[in-house]
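# Breakdown of the fold
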Amino acid sequence: MHKINYTVILPVHKIDELYTELLINSVGSIQDFHNDVLLTIVCPKDIKSEIEKIDLGQKLQITYLENKGQTDFCSQVNLGVENCNTEWFTILEIDDEFRPNWLKSVNEYTEENKGVDVFLSIVKDVNVNGEFISFTNESVWAYGFSDSQGSLDNEVLLEYENYQTSGGLYRTKVMKEQGFFKDNIKLTFSHELLLRLTHNNIKIMTIPKIGYQHVNFREDSLFFNLKNDENSKLTEDEVKFWMNTAKKEFFFKNKRDVTYTKA
Amino acid sequence: MMNNNENIEKINTALGRLEDSKSIVYFLTYDTKNNARASVKYIYDLALTLNQNGITSKILVEDSTYVGVESWLGDKYKELEVVSIKEDKVEINIDDAVVVPEYYTNTLQKLSNIKCIKVLLIQQREYIYENLPIGSRFSDFGFDKIITTTEQSKKYLMEYFPESLVFIVPPIIEDIFSPSLLTLKPYVVISVRDRSIQRKIISEFYLKFPQLRWITFRDMVQMSYEEFSNNLKECMVSLWVDDDSTFGTFPLESMKCDVPVIGKIPDTEPDWLSENGMWTYDGNKLVDILGTYILAWIEGVELTQEVKDKMKDTLLPYKKDITENNILSVFNSFKNKRIETFKLTLDKLKLEENA
């Protein structure tokens, strides 16, 4: 029997007409990988039945995982990781999509780089109209940027924060040992994770192919709200605080109490 | 002046040396001072092929300061003896051969008095007139045989030097150039003869495609042959601009590595040019072609099988064994012709002796 090696973890925190459309699109981007990936949709209890009703096709094996506790992005992904039984997992955000060559690329690079536990993809950032903004994760291939061309290291991460963890491929066993997102860190939880992993000598490589497309600046998205929403917008001080927090907390495997207090 | 008997003896000795394969082929070679040069490797390949097939060959250099090729070609050519004109006082016999590259056309005059098989080696035909006295012919100095690398060059030489015998021996595209078993890396191997054009291409590329600033251009100078091939086989694409090129070894080495080539078609179109790469006559289009190709590559687009097949087909005539047989056949024809000439001369001298 064909062994399935990859789980796609897709956290959903709410559902309405727009989110239904987004969900159908994002799941649509992995339909062709149905022989090789499992899909785990993590969602709050109150919307699970509604999501189950959405027609996401017949080919993918889908598990709906009910989040009984916190429903923020980090907690939902962490729950997906806890319940993951395949060798690898990846994260798909509801408004993002995998590129058609993602599976081929990850198959090639995981086969060739046995010592690597995290494979980031080059992420194509687009606006809500699908127009190109920039690439992310590609910089490690620039000559002399990191110690080993193509790999991310701790020193680089202490200098540069902008790395995208969604769409990355993670070795499940290693991530269960290392711990995944710290859900009490706002804004910089991805950065803290990468710092922690590289600090613990986990090898992280960027596959030099665009594997993932990420929508930037979509109103209502987590980061948009943290930057723009009147109620949840972070102040400049807060942004600085969370940046520094990531750089302090990566030494610790488990989350510790971190609270922002206005100076 | 020698009398007939002395002449007969001399020719008999030379004939014996030729028939016993004791004659020597000297390849006049210039010093690259540890810099890799395909043109010098070509000379060494000719010499080594002959040497390994029973025709003694030596590398003839100006003086003992000659550095050699070991630093960039390894010890593959170690068996070839290097002799210097100045220090070793080389004595060239009438049964020996001297092969002179176009770089040394200024020596033709000096070599004109030496009686031996004289062969001119023309890889870069653009350079042949640099030191050749205006209006002179190679045959004026006894050089009636020419080895060149392409059909186009042969055609040209036949037009301007119709009295010469022109042979084609293409360079050997070594098996060290082979497809990488690993995934390719996002860098460009660049080979541009004119450094200012190379700088212009790289600058324009980064200005026009700022999102690809992380793409590295790997300049292949100061590398050993092995490092060169290792770097070439791992890159996603190679870029070639050499307007003066006659043969074009670099694109073929790329193709042998399964690495697609983007290039400007040189002033003289290479014999092998077909739909086996991304070619343009307009150097200004190179940056656009390169950017478009790289963007497609990172999106996962691959070369079509048709292009890959064309690349393979291109290489067929340049297989190592074909070229080696070609080298042997050319030099054996020189030898046989010389034997024939000696025999005819002997017959003539003997007739005169008996008259």
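The coordinates are above.
Let me sum up the structure you'll find in this document. Note that the coordinates shown come from a computational prediction; the quantities given were computed from them, not determined experimentally.

Calculation criteria
Residues numbered from 1 in each chain as written. Chains lettered and ligands numbered in written order. Predicted model: local features only at pLDDT ≥ 70, side-chain atom pairs only at ≥ 80, totals over all residues. Heavy atoms only, no water. Contact = heavy atoms within 4.5 Å. Buried area = accessible area lost by both parts, 1.4 Å probe. Salt bridge = Lys/Arg side-chain N within 4 Å of Asp/Glu carboxyl O. Polar contact = N/O pair within 3.5 Å; in protein donor to acceptor, adjacent residues only side chain to side chain. Helix = DSSP H or I, 4+ residues; strand = E, 2+ residues; numbered from the N terminus. Nonpolar A, V, L, I, M, F, W, Y, C, P; charged D, E, K, R; others polar. Core = buried A, V, L, I, M, F, W, Y, C linked by side-chain atoms within 4.5 Å. Buried < 20%, exposed > 50% of the residue type's maximum accessible area, 1.4 Å probe, protein only. 1 Å grid on protein atoms, 1.4 Å probe; cavity = no way out; pocket = protein on both sides within 12 Å on 5 of 7 lines; lining within 4 Å. Points joined across faces, edges and corners; volume = space filled by probe spheres on them.

## Things to note about the interface of chain A and chain B
- Each side of the interface is counted separately: chain A has 19 residues, and chain B has 16 residues.
- When chain A packs against chain B, close to 1,500 Å² is buried across both sides, 57% of that on carbon and sulfur atoms.
- Looking only at chain A, the three residues that lose the most surface to chain B are Glu112, Trp141 and Lys209 of chain A, adding up to 31% of its buried area.
- Across the chain A-chain B interface, the total number found is three salt bridges.
- One salt bridge connects Glu299 of chain B with Arg99 of chain A, and the closest N-O pair in it is separated by 3.2 Å.
- At the junction of chain A with chain B, the criterion picks out eight residue pairs in polar contact (both at pLDDT 80 or more).
- When residues in the side of chain A that touches chain B are grouped by element, the largest group, four residues, is from helix 4 (residues 102-112) of chain A.
- Along the lines of polarity and charge, the residues of the side of chain A that touches chain B split into nine nonpolar, three polar and seven charged.

## Some words on the side chain of Lys264 of chain B
- Here Lys264 of chain B lies in strand 11 (residues 261-264).
- Of the polar contacts made by the side chain of Lys264 of chain B, one reaches the side chain of Asp243 of chain B; its length is 2.8 Å.

## A word on the nonpolar core
- Membership of the largest hydrophobic core comes to 102 residues, with the highest contact counts inside it found for Val12, Leu23 and Phe180 of chain A together with Phe205 of chain B.
- Ranked by residues supplied to this core, first place goes to helix 10 (residues 286-298) of chain B with seven residues.
- Setting aside chain neighbours within four positions, we find Val12 of chain A in contact with Leu23, Ile41, Val42, Cys43, Pro44, Ile47, Ile51, Gln76 and Ile94 of chain A.
- With 82 residues, the next largest nonpolar core counts Tyr26, Cys116, Ile147 and Phe161 of chain B among its residues.

## Examining empty space enclosed by the protein
- This model, assessed by the stated rule, comprises four cavities of 30 Å³ or more.
- Reported here for the largest cavity is a volume of approximately 160 Å³.
- Forming the boundary of the largest cavity are 14 residues, of which Leu18, Ser23, Val25, Ile55 and Lys335 of chain B lie nearest the centre.
- Broken down by element, the residue count for the lining of the largest cavity peaks at four residues, all from helix 12 (residues 320-354) of chain B.
- If you go around the second largest cavity, the residues you meet are Asn101, Lys104, Ser105, Glu108 and Lys209 of chain A together with Gly300 and Glu302 of chain B.
- Ranked by the residues each element gives to the lining of the second largest cavity, the list is headed by helix 4 of chain A, at three residues.

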